[in-house]
Amino acid sequence: MTPNEKRFALIAAGILVVASVTGYVGTRIALHHGPTLDSYGNEVGGSFRLMDSTTGTMTDQTFRGRWMLVLFGATHCAEDACTPALTSMSAALDKVDPGKRKAVIIFVSLDPDRDDAERLRLYGQSISPRVVAGTAAPGPLADLAKEYHTTVEKHPDPEWTYAMQMSPRFVVMDPETRYAGTVDATLSADAMTEALKKIMAPKD
């Protein structure tokens, strides 16, 4: 290997190390930078700050101007309930928002110990481009769950040791971050479609 080739190899290795450390540090900072909650006067829901699936930070303001459908759960979800719920909601939105510009599904993982950025990215990707997944530290997650009228529940699981309980409903926030209603997370895609049509219908 020539001196130039050695130099380039060292530079490339250095870049990889820096990128790896930066990603790790970014994840740790994001996880411990909890959400600053503001209900915005809502009965249910409000602001959030989460580590997203690229180790960056996403907030409710990231999606301002779009409908947000917020569901709590985890990639290790009790009764494997989260994937079917997210899949059904994605199919419902394909009918209500075929252009894929008006709405987004926010999946909040209640299991930050196992759901790191890469796992969340792959999980959302496996379901639909509409699913944006994020998490935070346990304390802030508990506060956020309370703000969205759900709880953090861990259940024993024979395969995974434990699994997190999915929230029973999607909380629907309108483009101005106002609470607009809920959709039962166990409904079929067709039933979710009808529920969304009523919630998202233009108000007189």
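Residues numbered from 1 in each chain as written. Predicted model: local features only at pLDDT ≥ 70, side-chain atom pairs only at ≥ 80, totals over all residues. Heavy atoms only, no water.

Chemist: Could you give an account of helix H2 (residues 82-96), with specific residues and numbers?
Modeler: Residues separated by three or four positions in an α-helix point in the same direction, a consequence of the helix having 3.6 residues per turn. Under the 1.5 Å per step criterion, the end-to-end length of H2 is 21 Å for 15 residues, consistent within 8% with the ideal 21 Å. Considered for burial, the residues of H2 that qualify are Cys-82, Ala-85, Leu-86, Ser-88, Met-89, Ser-90, Ala-92 and Leu-93. (Helix = DSSP H or I, 4+ residues; strand = E, 2+ residues; numbered from the N terminus. Expected span 1.5 Å × (residues − 1). Buried < 20%, exposed > 50% of the residue type's maximum accessible area, 1.4 Å probe, protein only.)

Chemist: Could you give an account of the packing of H2 against helix H5 (residues 189-200), naming the residues involved and the relevant values?
Modeler: Two elements in contact, H2 and H5, have axes separated by 8 Å at closest approach and are oriented at 55°. One finds that H2 runs oblique with respect to H5. As for how H2 packs across H5, the hand of that crossing is right-handed. Counting all contacts with H2, which are made through Ala-85, Ser-88, Met-89, Ala-91, Ala-92, Leu-93, Lys-95 and Val-96, the residues of H5 involved are Ala-189, Asp-190, Met-192, Thr-193, Leu-196, Lys-197 and Met-200. (Axes fitted to C-alpha atoms, helices over the stretch in contact; angles between N-to-C directions. Parallel < 35°, antiparallel > 145°, perpendicular 65-115°, else oblique. Left-handed = near helix turned anticlockwise from the far one by under 90°. Contact = heavy atoms within 4.5 Å.)

Chemist: Would you mind going over H5 in detail, with residue names and values included?
Modeler: Look at H5: 16 Å from first C-alpha to last across twelve residues, which is about the 16 Å you get at 1.5 Å a residue. Taken as a whole, H5 has its buried residues at Met-192, Thr-193, Leu-196, Ile-199 and Met-200. Across the axial projection of H5, the buried residues extend over an arc of 130°, all falling on one side. Looking at the buried side of H5, the elements it contacts are strand S3 (67-73), H2, strand S8 (169-173) and strand S9 (179-184). (Arc of directions from axis to C-beta.)

Chemist: Lay out the UniProt feature "binding site: Cu cation" (unreviewed entry) in the chain in plain terms, naming residues and giving numbers.
Modeler: Look at the UniProt record and you will see "binding site: Cu cation" (unreviewed entry) annotated at Cys-77 and Cys-82. Locating Cys-77 in the fold gives a position in the loop between S3 and H2. For Cys-77, a relative accessible area of 4% corresponds to the buried category. In this structure Cys-77 touches Cys-82, Trp-160, Ala-163, Met-164 and Met-166, once residues within four positions along its chain are discounted. Tracing the backbone shows Cys-82 in helix H2. (UniProt positions renumbered as here; feature names shortened; annotations may be inferred.)

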